[in-house]
Amino acid sequence: MYEILAKEDLAPITKLLVIEAPDVARKVRAGQFVIIRVSEEGERIPLTIADYDRQAGNITIVFQEAGKTTTHLGTLGVGDRLASLTGPLGNPTEIEHYGTVVCVGGGVGIAPIYPIARDLKEAGNRIISIIGARNRELLFWEDRIRFVSDEVIVCTDDGSYGRKALVTEPLKEVLEERGHEIERVWAIGPAIMMKFCSLTTKPFGVKTIVSLNPIMVDGTGMCGCCRVEVDGKTRFACVHGPEFDGHLVDWDLLMARQRIYLDEEKRALERWLRTSDE
Amino acid sequence: MAKVIPNRVEMPRQKPEVRRHNFNEVAVGFDMELAQAEAERCLQCKKPRCIEGCPVMIDIPGFILKVQEGDMAGAVEVLKASNSLPAICGRVCPQETQCEELCVLGKKHEPVAIGRLERFVADWDLARGATIPELPPPTGKRVAVIGSGPAGLTCAADLAKMGHEVTIFESLHKAGGVLMYGIPEFRLPKAIVEAEVDYVRKLGVDIRLNSIIGRLFTVDELLGEQGYNAVFLGTGAGLPLFMGIPGENCNGVYSANEFLTRTNLMKAYLFPEYDTPIKIGRQVAVVGGGNVAMDSARCALRLGAGEATIVYRRSWEEMPARAEEVENAEAEGVIFKLLTNPVEIYGDEKGWVSGMRCIRMELGEPDESGRRRPVPIEGSEFDMDVDVVVMAIGTSPNPMVFTGTEGLGRTRWGTVAADEETGRTTKPQVWAGGDVLTGAATVISAMGAGKRAAADIDRFLRGEITVEDWA
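Now for a quick tour of the structure. These numbers were taken from a predicted model, which means no experiment stands behind them. Throughout, residues of each chain are indexed from 1 in the direction in which the sequence is written. Chains carry letters and ligands carry numbers; both start at the beginning, A for chains and 1 for ligands, and go up in the order they are written. Given that the model is predicted, a residue must reach a pLDDT of at least 70 before its local features are reported, and side-chain atom pairs must reach 80 or more before they are shown or counted; all residues, however, enter totals for whole chains, interfaces and linings. To get the side-chain values, all heavy atoms of the structure are used, and hydrogens and water are removed first.

### Some points on the overall build of chain B
Note on conventions: DSSP H or I runs of at least 4 residues are helices, E runs of at least 2 residues are strands, and numbering of each starts at the N terminus. When its secondary structure is counted, chain B shows 16 helices and 16 strands. The atom set for the radius of gyration is the C-alpha atoms, and the globule formula is 2.2 Å times the number of residues raised to the power 0.38. For chain B, whose C-alpha radius of gyration is 23 Å, the value lies close to the compact-globule estimate of 23 Å for 471 residues. With respect to the three principal axes, the spread of C-alpha positions in chain B is 65 × 60 × 50 Å. Only protein chains enter the calculation, and the probe is 1.4 Å; a residue is then buried if its accessible area is under 20% of its type maximum, exposed if over 50%, and partly exposed in between. Within the span of chain B, comprising 471 residues, buried residues form 58% of the whole. For chain B, the proportion of contacts with a sequence separation of at least 24, taken over those separated by at least 6, is 69%. Summing over all exposed atoms, chain B offers an accessible surface of approximately 18700 Å²; the carbon and sulfur share of this is 51%. Positive: Lys, Arg. Negative: Asp, Glu. His and the chain ends are not part of the count. In plain terms, the charge of a residue is placed at NZ if it is Lys, CZ if Arg, CG if Asp and CD if Glu. For chain B, the centre of its 52 positive side-chain charges and the centre of its 66 negative side-chain charges are spaced 2 Å apart. Pairs of residues are marked as contacts when any of their non-hydrogen atoms sit within 4.5 Å. In these tables, accessible area is a Shrake-Rupley quantity obtained with a 1.4 Å probe, and a residue counts as shielded only by the protein chains included in the view.

In structure tokens, the structure reads:
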């Protein structure tokens, strides 16, 4: 089990893996995540589902090589096996017929937003998608997003492709022009991006769902590592989330807790790069 | 007339100054000579009191007699007739409040070291590859056991020995439950846990890891489309409790579950060879007074913390931890601040723990548990200089067990409602045992529950009881 069936380089540091996981594939829904280990000594990390094939029995994950584990993961190829994969974890996205909704994907967040937009479209919603990345190289899946959306706005921070803007700009414009039409917004990406998307939508009073990405260990609710504060209450992102109301999230706390192991992460990555060269 | 030998044989152990820097077992174990010397002390009472104190009813004088005679294979057979995981029990059972407390020799002298002898026999067996008993012909009945902790492993082993087909579903990537993630290496080596789990596999039990029931499959699906005839819930009490005081989400505050899981299951003490990190801390405060608190403090020292302090709101007499573990902790240099309770954790501008405010307590009237209730002494607040805080104040069952389990009764404490004798829950064909029923308790009581449930499940699978019996 957990054999890698396919691998794709979506961007210089962004990779896609299709993994054999028949039971997970049969059950998983958009918005959920899996926890994987790359090796026996590996740590457990969460990755949100990007796609799945229930018949073929596989799931797709997309990740960015940020630290030791994701970099190590990036070296695996077709035929390699993960040490473990657990899922589906977390609560699935609440898919209903809302009306017109906006789906915002920032950077690697484009991957999890795709199955959510797809399910929302299937439920009869009108989908306005906004995807953005730092530059054209880091953009991916524009075609997939177009396929499940009624309108698409593509932007890059540096203007190398699409509109030169952060995703919050077109988001604001859409709400200014058609705020009364927009029932709900989803925003997935780095914490800072989700924070600013939430701040952007707040004055318009549009419910904004974000998918929080704290550090996790077990992912099943037994350790509390992933605790976040939402509406002043402590919540475990792995069992109460990962999706929450973006207007109620304590973003500063989330981002502070994401930095707990910065020193150790740096050491681990340096060691990996050193030893993998030998 | 058996000779009375008043004193126990000394257990060889690592010196505190040495062992506080390593994760190796503290108690080294008996050799044959020491074991036989201790076995000689057993009076072989005609009416043994010790057996009554054992939650799984081991024939204690029986296996000890075999050790006396040098018949080790015989000792293993007697021991394993009642206990499938003796290497674990011999190490972590609180024998001093169970079998050893009732030992007749213990009335006037030191009780027989039953636990140490159990460990010796179990280790002897493991070293030789653990003999598998002859199994009866398959009954064709299938049981799903949820959780591979002590309750689940015991229930599964007993059912397998009765000829039933058993599958264990374990949510983590290693089997053992608290035995693997909670109890530290130096109290219960993980190689021992793996060997005991392997024994259960050798009995024919299929252990499926990384399988979280409530998400991957539900209990209703297991009984329905997957065709299991019975389900045993041994999911434990894995939900960590926090105090709810300000600052508890600062960087550097851990639940004991996280602290121990990183250390023991994920082997953070071997970082960076193992990838999971942990904050070592200069001054670690562990809040709580049970075995988990002792384990956390002793792990903190071994990880390299400058100082580890137990902060407990009651006094010595009320501390629920095993006396042996408290002594071990003290010898290793753990500091004890009793009759003290945290009120606030301070965080610096980057969100890191920068200190903890505590208040002194005094003991008032007893509460429902019979223990004197701690009451804060007004105006006695003081600040502690700490940079890592571990909350070891208890755990309760993970509510995930109720997801997809229609009709499973729940008590007001969040535990599964079930009959303590049989393990039957309010849902037909579903049994439960261990911490998921009682809240956090001991490994051995979970094993006892697993045994009782297995016996009742067997009666059901044979048709001696039916779903009509679920009143």
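Additional details are given in the paragraphs that follow.
### Some points on the overall build of chain A
Assigned secondary structure in chain A consists of nine helices and 15 strands. At 18 Å, chain A has a C-alpha radius of gyration in line with the 19 Å of a compact globule built from 278 residues. Counting only C-alpha atoms, chain A reaches 55 × 40 × 40 Å along its principal axes. Taking all 278 residues of chain A together, the buried fraction comes to 61%. Taking the 34 positively charged and 42 negatively charged side chains of chain A as two groups, their mean positions are separated by 2 Å.

### Looking at the interface of chain A and chain B
Taken together, the 46 residues of chain A in the interface contact 43 residues of chain B. The term buried area means the drop in 1.4 Å probe accessible area that two parts suffer when joined, counted for both and summed. Contact between chain A and chain B buries roughly 3700 Å² in total, counting both sides, with carbon and sulfur atoms accounting for 51%. Ranking the residues of chain A by area buried against chain B places Met222, Arg227 and Tyr261 of chain A at the top, with a combined share of 18%. Any carboxyl oxygen of Asp or Glu within 4 Å of a side-chain nitrogen of Lys or Arg constitutes a salt bridge here. Remark: the boundary between chain A and chain B carries five salt bridges. Here Glu221 of chain B and Lys27 of chain A are joined by a salt bridge, their closest N and O atoms 2.7 Å apart.

### Some remarks on the environment of Cys250 of chain B
Following the sequence through the fold, Cys250 of chain B ends up in the loop between strand 5 (239–240) and strand 6 (253–255). According to the relative accessible area criterion, Cys250 of chain B is buried, its value standing at 12%. A sequence separation of 211 residues divides Cys250 of chain B from Leu461 of chain B, and the C-alpha atoms of the two residues are 51 Å apart. Excluding residues within four positions of it along the chain, Cys250 of chain B makes contact with Arg257 of chain A together with Tyr346, Gly347, Gly351, Trp352 and Val353 of chain B.

### A few points about the environment of Gly227 of chain B
Residue and element names in this part refer to chain B. With respect to the element layout, Gly227 can be found in the loop between helix 11 (219–223) and strand 4 (230–233). Residue Gly227 is classed as partly exposed on the basis of its relative accessible area, which comes to 34%. For the pair Gly227 and Lys141, spaced 86 residues apart in sequence, the C-alpha to C-alpha distance is 9.6 Å. Contacts of Gly227, omitting those with residues within four sequence positions, involve Arg142 and Leu222.

### Examining the nonpolar core
Residues and elements named next belong to chain B. To form a nonpolar core, buried Ala, Val, Leu, Ile, Met, Phe, Trp, Tyr and Cys residues must be joined to one another through side-chain atoms within 4.5 Å. One finds Ile60, Phe63, Ile64, Val121 and Ile457 to be the most contacted residues of the largest nonpolar core, which totals 84 residues. Looking at which element gives the most residues to this core, the answer is helix 16 (residues 443–461), with nine residues. Residues within four places of Ile64 in sequence aside, it is in contact with Ala39, Cys42, Gln44, Val112, Ile114 and Leu117.

### Looking at the side chain of Thr167 of chain B
With respect to the helices, strands and loops of the structure, Thr167 of chain B is situated in strand 2 (residues 165–169). Among all residues touching Thr167 of chain B, those that are not within four sequence positions of it are Val143, Ala144, Val145, Asp206, Arg208 and Tyr228 of chain B.

### Quick look at the pairing of strand 7 (residues 283–287) of chain B
Residue and element names in this part refer to chain B. With five of five residues buried, strand 7 lies mostly within the body of the structure. Every second residue of strand 7 is oriented toward a common face, with Gln283, Ala285 and Val287 on one face and Val284 and Val286 on the other, all of them buried. Strand pairing requires that DSSP identify at least two bridges connecting the strands. Two elements, strand 7 and strand 14 (residues 388–391), share four bridges in a ladder whose sense is parallel. When the bridges of strand 14 are listed, Val287 appears paired with Met391.

### A short note on the packing of helix 12 (residues 256–265) of chain B against helix 13 (residues 291–303) of chain B
All names here are of chain B. Following both chains from N to C, one finds helix 12 and helix 13 inclined at 45°, their axes separated by 10 Å at the closest point. Accordingly, the angle class assigned to the pair helix 12 and helix 13 is oblique. At the point where helix 12 passes helix 13, the crossing takes the left-handed sense. Along the contact surface, helix 12 presents Ala256, Phe259, Leu260, Thr263 and Asn264, while helix 13 presents Val292, Asp295, Ser296, Cys299, Ala300 and Leu303. The classification used treats Ala, Val, Leu, Ile, Met, Phe, Trp, Tyr, Cys and Pro as nonpolar, Asp, Glu, Lys and Arg as charged, and all other residues, Gly among them, as polar. Taken together, the residues of the contact of helix 12 with helix 13 sort by class into seven nonpolar, three polar and one charged. For helices, the fitted axis covers only the stretch in contact; all axes are lines through C-alpha atoms, and the angles between them, taken along N-to-C directions, range from 0 to 180 degrees. Should an angle lie under 35 degrees it is considered roughly parallel, over 145 roughly antiparallel, and from 65 to 115 roughly perpendicular; all remaining angles are considered oblique. For any helix crossing, the convention is left-handed if the near helix is rotated counterclockwise from the far helix by under a right angle, and right-handed if that rotation is clockwise.

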